[in-house]
Amino acid sequence: MAEAQEADDASAAQSGKYILLYEKMSEAVRAHLGLRGYFMQLKIERCTTADELEELLPEFREALAKAKGETFASDWLRALSPVAS
């Protein structure tokens, strides 16, 4: 019984993490990438787990750096670190 509860807790945590990453990444596309972020948003939409979104973060950071500069991209990713950990 305790194992089932732990599995449910882990699943809920992953689900919450997915939602937070999805929202933060989608918000950043709208706010900072605009039309240039269309294909990035499609990649975000294809992700179905938090792990898949985390795998996309390096490419996402690169897109932010190209649009807004290295410092901005680094700061954005650093602010996201508590969510992505």
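Numbering of residues starts from 1 in each chain and follows the order in which that chain's sequence is written. Side-chain atom pairs in this predicted model are given and counted only at pLDDT of 80 or more, local residue features only at pLDDT of at least 70, and totals for whole chains, interfaces and linings cover all residues. Excluded from the side-chain calculations are hydrogens and water; all other atoms, namely the structure's heavy atoms, are used.

**Q** Would you mind showing me how to read the overall build of the protein chain here?
**A** Only DSSP runs of H or I reaching four residues or more are called helices, and only runs of E reaching two or more are called strands; each is numbered from the N terminus. Across its full length, the protein chain carries four helices and zero strands. Shown N-terminal to C-terminal, the secondary structure of the protein chain runs as helices and strands in the order α-α-α-α. Burial classification: accessible surface area is computed with a 1.4 Å probe over protein chains only, and a residue below 20% of its type maximum counts as buried, one above 50% as exposed, and the rest as partly exposed. Taken over 85 residues, the protein chain has a buried fraction of 27%. Note on contacts: a residue pair qualifies if any of its non-hydrogen atoms lie within 4.5 Å across the two residues. Long-range pairs, those at least 24 residues apart, make up 55% of the contacts in the protein chain between residues at least 6 apart in sequence.

**Q** How should the nonpolar core be read in this particular structure?
**A** Soluble, globular proteins show a tendency: their nonpolar side chains are buried together. Counting residues in each nonpolar core, the largest one holds 19 residues, and the members touching the most others are Met25, Met40, Ile44, Phe60 and Trp76. Those elements that place two or more of their residues in this core are α1 (2-33), α2 (38-46), α3 (50-68) and α4 (70-84). Top element by residues in this core is α3. It accounts for seven residues. Here, the term nonpolar core denotes a set of buried Ala, Val, Leu, Ile, Met, Phe, Trp, Tyr and Cys residues that are joined through side-chain atoms within 4.5 Å.

**Q** Would you mind showing me how to read the environment of leucine 20 here?
**A** With respect to the element layout, leucine 20 can be found in helix α1. With 30 residues separating them along the chain, leucine 20 and alanine 50 place their C-alpha atoms 8.9 Å apart.

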